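So you can see what is in the structure, the chains are spelled out below.
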Amino acid sequence: MGKLLHPVSITLIVLIILFSLPFMFSKKDPQLSDAQLRKAADNHNLKAVPKSYEEILKVTSNPSNPLNPVKIALGKQLFFDTRLSRDKSISCASCHILNEGGDDNLPTAIGYHGSANPKHLNSPTVLNAALAKAQFWDGRAKDVEEQAGGPVQAPFEMNMTPKEVESRLNSDPAIRKQFQRVFGEDNVTFENVQKAIGAYERTLLTRGAYDRFLEGDDHALSQAAKRGMTLFVTKGCAGCHTGMSVGGQSMQRFPLRRYFSDYVGLLFEPNVRLKESPFPFENRGGFLGKHSKMSFRVPILRNVTKTAPYFHNGAVKKLEEAVRIMSKYQIGHEFTPEQIKDVVAFLKSLEGALPSS
């Protein structure tokens, strides 16, 4: 007579069967029509970026930092000015490469004298960041003006103090004259440096196929992208990745879920140690979000296909894997390979170009 199964093995088999039942009898995902997709997008405040430069400025206007052409031009100059770093080798544009998704495509930012971010944080995109309600992974800055002062002062990034920035720029008669014209003050102040850079960053909104679809062009998206958008708005993705920026509107806990299957290997391989990571990937840098409570600013998904690697510490190289992780650990419905392919097709439609000023 054969050996009886161990009670633990029986329990595992039962759990696996119960877990598999929904997938064994699941129906094919319904495809929303073009009109239904636009209605669902509107319900999640997923708006198109305006077509004209003038309309973009209206959308991103900051009452405490009114936009005008000369201020924006000064901010653009400062964005690319290496004098804002101690050794004059780094500018804002060094980590926020505008034609490569608005980030640096590195797992973690590299700054002054090759210093890496001590918490191994990935550089968020600057494109469309003005639409976000908070800046940085922990949301500690309220807007792009406040954010602009952070990297300049960080010792592992540009390594300057506000007084040093003011002294360096005030010694240049030409740029001092520009500041006088824009702000009506005799001397350059660090606050006005932040305001000028912030004004320029408020123009960095991108438009693409997704926006044309929202505006009524049925042919702007492929069928795969439409299937992906259907998943995006019906499975829960748009609950957090919302707004014109498709993200950046809230702080959310990550991950929301953990699974028994993540630990099953321990029962059969007692020598295998569970990784000391609260994430479904390596915990490089040990950063745990705002107040170390696993709360992160929701990433902006516009141009996400160009901003690899992914997550706060750049631990995930492929967008397909990032989509799988989010579907499983955030919305609680792990997408199939076919669904992931469709969602990635939709995310590709979020690529866009900067407007002409």
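The structure this text deals with has already been given above.
Read on for a plain summary of the structure. Here the structure is a predicted model, which is why all the values come from computation and not from measurement.

1. Considering the overall build of the protein chain
Of the regular secondary structure elements, the protein chain holds 14 helices and two strands. Within the protein chain, buried positions represent 48% of all 357 residues. Taking the contacts inside the protein chain whose residues are at least 6 apart along the sequence as the reference set, 70% of them involve residues at least 24 apart. Carbon and sulfur atoms provide 56% of the accessible area of the protein chain, an area that totals close to 18200 Å².

2. Points about the state of the cysteines
Think of a disulfide as a covalent bridge from one cysteine sulfur atom to another cysteine sulfur atom. Under the criterion given, the structure shown has zero disulfides. Here Cys92 stays free of any disulfide, with the sulfur of Cys95 as its closest cysteine sulfur at 9.1 Å. The structure places no disulfide on Cys237, whose sulfur is separated from the nearest cysteine sulfur, that of Cys240, by 9.2 Å. Since its relative accessible area comes to 14%, Cys237 is described here as buried.

3. What to know about the pattern of salt bridges
When their charged atoms lie close together, side chains carrying opposite charge are able to pair. As enumerated under the stated definition, the model contains 18 salt bridges in all. Two residues, Arg140 and Asp138, come together in a salt bridge whose shortest N-O distance is 2.9 Å. Its salt-bridge partner being Arg324, residue Glu334 comes within 3.1 Å of it at the nearest N-O pair. Note that Glu334 is positioned in the loop between helix H13 (319-329) and helix H14 (337-348) and Arg324 in helix H13, a separation of ten residues in sequence. Here the residues in one salt-bridge network are Asp81, Arg83 and Asp172, joined through shared partners.

4. A closer look at the packing of aromatic side chains
The tally for this structure, following the rule as stated, stands at 13 aromatic pairs. Seen in terms of ring centroids, Phe254 and Phe311 are 5.4 Å apart; in terms of plane orientation they differ by 20°. Their pairing is stacked. On the criterion of sequence distance, the pair formed by Phe254 in the loop between strand S1 (251-253) and helix H12 (264-268) and Phe311 in the loop between strand S2 (295-297) and H13 is long-range, its members being 57 residues apart. The exposure class assigned to Phe254 is buried, which follows from its relative accessible area of 8%. Residue classification places Phe311 among the buried residues on the basis of a relative accessible area of 14%. A centroid spacing of 5.6 Å and a plane angle of 75° characterise the contact between Tyr259 and Tyr329, whose relative ring orientation is edge-to-face. Taken together, the residues Tyr259 in the loop between S1 and H12 and Tyr329 in helix H13 connect sequence positions 70 residues apart. The class for Tyr259 is buried, based on a relative accessible area of 18%. A residue is classified by how much of its surface remains accessible, and Tyr329, at 5% relative accessible area, is buried. One aromatic cluster is present, formed by Phe254, Phe279, Phe281, Phe287, Phe296 and Phe311 through successive ring pairs. In this structure, Arg38 packs its charged tip against the face of Phe213, placed 4.3 Å from the ring centre.

5. Let's talk about the packing of helix H2 (residues 34-43) against helix H11 (residues 223-234)
Relative to each other, H2 and H11 sit at 40°, their axes nearing to 10 Å. Classed by the angle they form, the pair H2 and H11 counts as oblique. Note that H2 runs across H11; the crossing there is left-handed. Contacts from Asp34, Leu37, Ala40 and Ala41 in H2 reach Lys226, Met229, Thr230 and Val233 in H11.

The rules behind these values
- Residues numbered from 1 in each chain as written.
- Predicted model: local features only at pLDDT ≥ 70, side-chain atom pairs only at ≥ 80, totals over all residues.
- Heavy atoms only, no water.
- Helix = DSSP H or I, 4+ residues; strand = E, 2+ residues; numbered from the N terminus.
- Buried < 20%, exposed > 50% of the residue type's maximum accessible area, 1.4 Å probe, protein only.
- Contact = heavy atoms within 4.5 Å.
- Areas by Shrake-Rupley, 256 points an atom, 1.4 Å probe, with all protein chains shown as cover.
- Disulfide = S-S within 2.5 Å.
- Salt bridge = Lys/Arg side-chain N within 4 Å of Asp/Glu carboxyl O.
- Phe/Tyr/Trp six-rings, centres within 6.5 Å; stacked < 30°, edge-to-face > 60°.
- Lys NZ or Arg CZ within 6 Å of the ring centre and 35° of its normal.
- Axes fitted to C-alpha atoms, helices over the stretch in contact; angles between N-to-C directions.
- Parallel < 35°, antiparallel > 145°, perpendicular 65-115°, else oblique.
- Left-handed = near helix turned anticlockwise from the far one by under 90°.

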